[in-house]
Amino acid sequence: MPLIILLILFFQNTSLDKNTLLICKNVKTTLFSEAPLENIEAKSGTGISVLNPISGELQFVIPIRSLEFNKRLMQEHFNENYMESERYPHAKFKGKIAEPINMEKNGEYPVNVTGELDVHGVKRQRSVKGIMKVQDKKISLSSVFDVKCKDHNIKIPQIVFQKIAENIRITINSTYISQ
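What counts as what
Residues numbered from 1 in each chain as written. Predicted model: local features only at pLDDT ≥ 70, side-chain atom pairs only at ≥ 80, totals over all residues. Heavy atoms only, no water. Buried < 20%, exposed > 50% of the residue type's maximum accessible area, 1.4 Å probe, protein only. Helix = DSSP H or I, 4+ residues; strand = E, 2+ residues; numbered from the N terminus. Pairing = 2+ DSSP bridges. Salt bridge = Lys/Arg side-chain N within 4 Å of Asp/Glu carboxyl O.

> Would you explain unusual backbone geometry in this entry?
Trans is the prevailing form of peptide bonds, just as negative phi is the prevailing case for residues other than glycine. Despite not being glycine, His120 shows a phi value in the positive range, around 60 degrees. For His120, a relative accessible area of 7% translates into the label buried. At Asp136, a position not held by glycine, the phi torsion is positive, near 50 degrees. Along the chain, Asp136 turns up in the loop between β7 (122-135) and β8 (138-148). Here Asp136 falls in the exposed class, since its relative accessible area comes to 60%.

> Looking at this structure, I do not really get the pairing of strand β5 (residues 90-97). What am I missing?
Here is the key point about a regular strand: its side chains alternate between the two faces of the sheet. Inspection of the sheet shows strand β3 (residues 57-63) paired to β5 by seven bridges, in the antiparallel sense. Note on β5: the bridge partner recorded for Glu57 is Lys96. Where β5 and strand β6 (residues 107-119) come together, six bridges link them in antiparallel fashion. Residue pairing for β6: Lys96 is matched across the bridge by Thr114.

> Got a minute to help me understand the pairing of β7 in this structure?
For β6 and β7, the ladder comprises 13 bridges, and the chain directions are antiparallel. Each residue of the ladder has a partner; that of Leu117, found in β7, is Arg124. In sequence, β6 turns back onto β7 through a hairpin of two residues, with His120 there showing a positive phi of about 60 degrees. With five bridges joining them, β7 and β8 adopt antiparallel strand pairing. Counterpart to Val134 in the pairing with β8 is Ile139.

> Before we go on, may I ask you to explain the pattern of salt bridges in this structure?
Oppositely charged side chains can pair when the atoms bearing their charge come close. With the rule as written, the count across this model stands at three salt bridges. Of the charged contacts, one joins Glu86 and Arg65 as a salt bridge, the two residues approaching to 3.2 Å between their closest N and O atoms. Placement of Glu86 in the loop between α2 (72-82) and β5 and of Arg65 in the loop between β3 and β4 (68-69) is noted, with a sequence separation of 21 residues between them. Classification of Glu86 as exposed rests on a relative accessible area of 65%. A relative accessible area of 43% places Arg65 in the partly exposed class. Note that Arg169 is salt-bridged to Asp146, the shortest N-O span being 2.7 Å. Note that Arg169 is positioned in strand β9 (residues 167-178) and Asp146 in strand β8, a separation of 23 residues in sequence. We classify Asp146 as partly exposed; its relative accessible area is 31%.

Encoded structure:
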């Protein structure tokens, strides 16, 4: 679990001790490409996220190779040709929730998270909408957003342009526990 240690170290500069951090060790991630010739979907359940409920700081790390496709050849091309996952093994997001959330009060809260998305070695500032749900002190966060391949220098060869969309839909679901 070296990724968890790295994420906790990220938050060490705050005045909180590590017991106030909330951690999700099994972030559910779905990647979906809708294209004229073929829809492509991949799923992972091995991402990690850390949330500081007081400051609203939030970080995600998703191992690229953990994304599983229905077709083995598709997965191979994704890792070797497009994402170059040996060279860029993780997708990362580091940001902050803009709205203050009362983590003691049950409810669903729309949130806007602003931060840096690092995919394929290219960092971009993003503002991503999501829903934070508080239910009996259990906190979950979900978001659906698009990533443009060209924004992260992910090259799609012309020969497969009809099979892979320029915009990839990403769905993230995480449930946090106190550490």
